[in-house]
Amino acid sequence: MPVSDNKDFRFMEVFDFHIPVGDDSLIAAIAAPISQTIWFRFTISVYGVTPLPSTTMVLLEVSWVFRFYHFRWLHNLFLAIHRRLVVSRKQGMFKSGYVYDRGKHFPIEESRSQEVKTGNPLSAGGSIDAEHQQKTSQLRKRIIFGIGIGVPAGGVVLAGGWVFTVALAAAVFIGSREYFELVRSHGIASGMTPPPRYLSRACSVVCCLMPLLTLYFGNIDVSVTSAAFLVAMGLLLQRGNPRFAQLSSTMFGLFYCGYLPCFWVKLRCGIAVPSLNTRFAASWPLLLGGHTLWTVGLVATLISFSSIIAADTFAFIGGKAFGRTPLIAVSPKKTWEGALAGLGGCIAISILLAKIFAWPSSILSAVAFGVLNFFGSLFGDLTESMIKRDAGVKDSGSLIPGHGGILDRVDSYIFTGALAHSFVKTFLPLYGV
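Predicted model, so just to flag it, every value in this text is computed and none were measured.

## Considering the overall build of the chain
At step 1: Each helix and strand in the chain was counted, giving 17 helices and four strands.
At step 2: Scored against the burial criterion, the 433 residues of the chain give a buried share of 44%.
At step 3: Surface exposure of the chain reaches about 22,100 Å², of which carbon and sulfur atoms provide 66%.

## So, the pattern of salt bridges
At step 1: Applying the stated rule across the entire model yields seven salt bridges.
At step 2: For the salt bridge of Glu384 with Lys388, the shortest nitrogen-to-oxygen distance reads 3.6 Å. Here Lys388 and Glu384 lie together in helix 16 (residues 363-391), a separation of four residues that amounts to about one turn.
At step 3: In this structure, the salt-bridge partner of Asp395 is Lys394, at a minimum N-O distance of 4.0 Å.
At step 4: Using a relative accessible area of 30% as the deciding quantity, one classes Asp395 as partly exposed.
At step 5: Taking relative accessible area as the criterion, Lys394 reaches 65% and is therefore assigned exposed.
At step 6: Three or more residues joined by partner-sharing salt bridges are found here, namely Arg177, Glu181 and Arg197.

## A few points about helix 16
At step 1: Compared with an ideal rise of 1.5 Å per residue, which puts 29 residues at 42 Å, helix 16 spans 42 Å between its outermost C-alpha atoms and is within 8% of the ideal.
At step 2: N-cap assignment for helix 16: the residue whose side-chain oxygen lies 3.2 Å from the backbone N of Leu364 is Ser362.
At step 3: One or two steps after helix 16, the chain reaches Gly392, where phi turns positive at roughly 75°.

## Quick notes on the nonpolar core
At step 1: The biggest cluster of nonpolar side chains holds 55 residues, and the ones touching the most others in it are Tyr179, Trp264, Trp359, Phe369 and Val424.
At step 2: Top element by residues in this core is helix 14 (residues 296-322). It accounts for ten residues.
At step 3: In contact with Phe369, not counting residues within four places along its chain, are Ala300, Ile303, Ser304, Ser350, Trp359, Ala420, Phe423 and Val424.
At step 4: Counting residues in hydrophobic clusters, the runner-up holds seven residues, among them Ala311, Leu327, Ala339 and Cys346.

## Some points on the pairing of strand 4 (residues 331-335)
At step 1: Pairing geometry for strand 3 (residues 326-328) and strand 4, over two bridges, is antiparallel. By the bridge assignment for strand 4, Pro326 is matched with Thr335.
At step 2: Counting the residues between successive antiparallel strands, the hairpin from strand 3 to strand 4 contains two residues.

## What about the packing of aromatic side chains?
At step 1: Here the structure, examined in full by the defined rule, presents 17 aromatic pairs.
At step 2: Counting every residue linked through ring pairs, the aromatic cluster contains Tyr179, Phe180, Phe252, Tyr256 and Phe415.
At step 3: Here the basic side chain of Lys266 rests over the ring of Phe263, its NZ or CZ set 4.8 Å away from the ring centre.

## A word on unusual backbone geometry
At step 1: Between Trp359 and the following residue, Pro360, the backbone shows a cis peptide bond with an omega angle of -5°.
At step 2: Residue placement: Pro360 occurs in the loop between helix 15 (336-357) and helix 16.
At step 3: In the Ramachandran plot, Ala358 falls in the positive-phi region, its phi being about 55° despite a non-glycine side chain.

## As for the state of the cysteines
At step 1: Under the counting rule described, the total for this entry stands at zero disulfides.
At step 2: Take Cys207: it sits in no disulfide, and the sulfur closest to it among the cysteines is that of Cys257, at 5.6 Å.
At step 3: Looking at the unpaired Cys262, the closest cysteine sulfur is the one in Cys207, lying at 8.6 Å.

## A short note on the packing of helix 15 against helix 16
At step 1: With their axes 8 Å apart at the nearest point, helix 15 and helix 16 run at an angle of 140° to one another. Looking at the two axes, helix 15 sits oblique to helix 16. Taken as a pair, helix 15 and helix 16 cross one another with a handedness that is right-handed. Side by side, helix 15 and helix 16 meet where Ala339, Gly342, Leu343, Cys346, Ile347, Ser350, Ile351, Ala354 and Lys355 of the first sit next to Ile363, Ala366, Val367, Phe369, Gly370, Val371, Asn373 and Phe374 of the second.
At step 2: For the contact of helix 15 with helix 16, the class distribution of residues is twelve nonpolar, four polar and one charged.

## Concerning the confidence of the model for the chain
Reading predicted coordinates in detail is not appropriate for stretches of low pLDDT.
At step 1: Averaged over every residue, the pLDDT of the chain is 76; the share at 70 or more is 63%.
At step 2: Every residue in residues 1-27 scores below 50 in pLDDT, and together they form 57 contacts with partners more than four places removed in sequence or on other chains.
At step 3: With pLDDT under 50 throughout, residues 41-54 is counted as low confidence; its partners more than four residues away or in other chains account for 28 contacts.

## Concerning helix 7 (residues 161-183)
At step 1: Look at helix 7: 33 Å from first C-alpha to last across 23 residues, which is about the 33 Å you get at 1.5 Å a residue.
At step 2: All of the buried residues in helix 7 are Phe164, Thr165, Leu168, Ala169, Val172, Gly175, Ser176, Glu178, Tyr179, Phe180, Leu182 and Val183.

## Considering the side chain of Thr335
At step 1: Within the element layout of this structure, Thr335 appears in strand 4.
At step 2: For Thr335, a relative accessible area of 12% corresponds to the buried category.
At step 3: Leave out the neighbours within four places in its chain, and Thr335 touches Gly319, Gly323, Arg324, Thr325, Pro326 and Leu327.

## Digging into a nonpolar patch on the surface
At step 1: Among the surface-exposed residues, Phe173, Ile174, Val205, Leu209 and Leu399 lie close enough to one another that they form a single nonpolar patch of about 400 Å² accessible area.
At step 2: Of all the secondary structure elements, the ones that give two or more residues to the nonpolar patch are helix 7 and helix 9 (197-217).
At step 3: Mapped onto the elements, Leu209 comes out in helix 9.
At step 4: Note on Leu209: relative accessible area 41%, which makes it partly exposed.

Cut-off values and rules
Residues numbered from 1 in each chain as written. Predicted model: local features only at pLDDT ≥ 70, side-chain atom pairs only at ≥ 80, totals over all residues. Heavy atoms only, no water. Helix = DSSP H or I, 4+ residues; strand = E, 2+ residues; numbered from the N terminus. Buried < 20%, exposed > 50% of the residue type's maximum accessible area, 1.4 Å probe, protein only. Areas by Shrake-Rupley, 256 points an atom, 1.4 Å probe, with all protein chains shown as cover. Salt bridge = Lys/Arg side-chain N within 4 Å of Asp/Glu carboxyl O. Expected span 1.5 Å × (residues − 1). Polar contact = N/O pair within 3.5 Å; in protein donor to acceptor, adjacent residues only side chain to side chain. Core = buried A, V, L, I, M, F, W, Y, C linked by side-chain atoms within 4.5 Å. Contact = heavy atoms within 4.5 Å. Pairing = 2+ DSSP bridges. Phe/Tyr/Trp six-rings, centres within 6.5 Å; stacked < 30°, edge-to-face > 60°. Lys NZ or Arg CZ within 6 Å of the ring centre and 35° of its normal. Disulfide = S-S within 2.5 Å. Axes fitted to C-alpha atoms, helices over the stretch in contact; angles between N-to-C directions. Parallel < 35°, antiparallel > 145°, perpendicular 65-115°, else oblique. Left-handed = near helix turned anticlockwise from the far one by under 90°. Nonpolar A, V, L, I, M, F, W, Y, C, P; charged D, E, K, R; others polar. pLDDT = per-residue confidence, 0-100. Patch = residues over 30% accessible without salt bridge, like charges linked within 9 Å, V, L, I, M, F, W, Y side chains within 5 Å.

Right under this line is the structure:
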C-alpha cells in the first residue's frame, strides 16, 4: 500500500513522536525510544513503508541515554545523524524493494508492471535488491560476531593477570601468522624477497612469548633485542642470498605484532595503583576480586577499549550518513566526515566513562585521552590497510565471519596500547587519581 499522495509527507514526523514523560528522567531514557519504535512499526503497517536499519533505533536509544546524563548536545547530535539516515533511506527506498516516485512508494513488482505501460524498465532493480540483501546479511553477521567477541573480551579485561595475558598472547600468535602470510603473498612478494617460512614461524612464536615475558619480568627490552639479533643472524646464515627486504619485513613484524601489543599488558597489569574514586570499587563482589580489582590500569584499559570501539562505530555511521570526501588513498572507503564523527564519538565516550569511573579526574585529561585513542586507532587501521593493499587482499584472513582475520579486528588496538600507557604513566600526575 503506497503512502499518501501528499508531497509534504515527511519521515521525520514518524520519529518526532514521543511519550509525554519528563525529558531528564530515567523513564524517558528507556521509554522514549521504545515508544518511537512502536510508532514507527505502526506507520509501516499503515503506509507500507519499508523499515529502516536497526542502526537508527540504536542511535535513538543512545541519544536519549545521553540526554538522561545531561549531555544534551550529544543527544541533539545523535538525533541529527539519525534523521540524516532517515532522509537517505527515503531517497534510496528502491534498494529495499520499493521505488520512490513523487511522494509515493511502490513495491518493485508493482513498478515493473507499470514499466510495461510506460516503457521505462528498471533493469537494475533485481541486482540492486540482491546486493542490498547481501550487505544486510554481512552487517548482521558482523554485529553478531562482534558482540560474541566483545563480551568475552570484556570479561578477559576484567580478569586481568594471566588470563588477560594468555588471551593476548593467543591473539598475537594468530595475528603474527596472518602478517607473515601477507608478507609472503603475491602482491608483496612480487616486489621483494619474503623471509624464509621457517623464520616467519619462529618469529610468530617469539611474538607470542613477548606478552608472557612482559607480565613475568615487567620489561622485555633485553628480550626483544636478543630476539632481533637472533633473527638477523638466522637471515644472514640462510642458504642463498640474504636480502635487506627480508630483514626489514621481519623486524617490522617483531615490532608490529609482538612488541607493541605488550604495552596492553603493561597498562592493564603493570599499573596496579587503586582507582580510589571509582564508584564500582566499594560494591564490587569479593568473589570477583573486590575493591582491589579496580586499579588505574583496569579503568584506563576499559576506557581505551571502549573509545576505540566508539571511534570505529561512529566513523562507520558518520561515513554512511555524511561521507563525501575521501580521507586517504590506502583506504578509499574512509572519509573525512566519518573520521570526524569517529573523533567526536571517541571523545564523547571517553568523557562519559570518565564521569562514571571518576578517572581521570580532569575533563581536559579525558578529552586528551579520547583524542589520543582515536588517532592511535585510526593510524593503526590505516597501517594495516596499507599492508593489505600492497598484498592485494581485502582481508588479512577469514577466521572471524564478517570481520576477516584477527589483524582486521585488532588493527586499531596495536598502536593505541603504547600511546595509552605512555599517556597514563608520563602525562597524568599520580596516574590521574
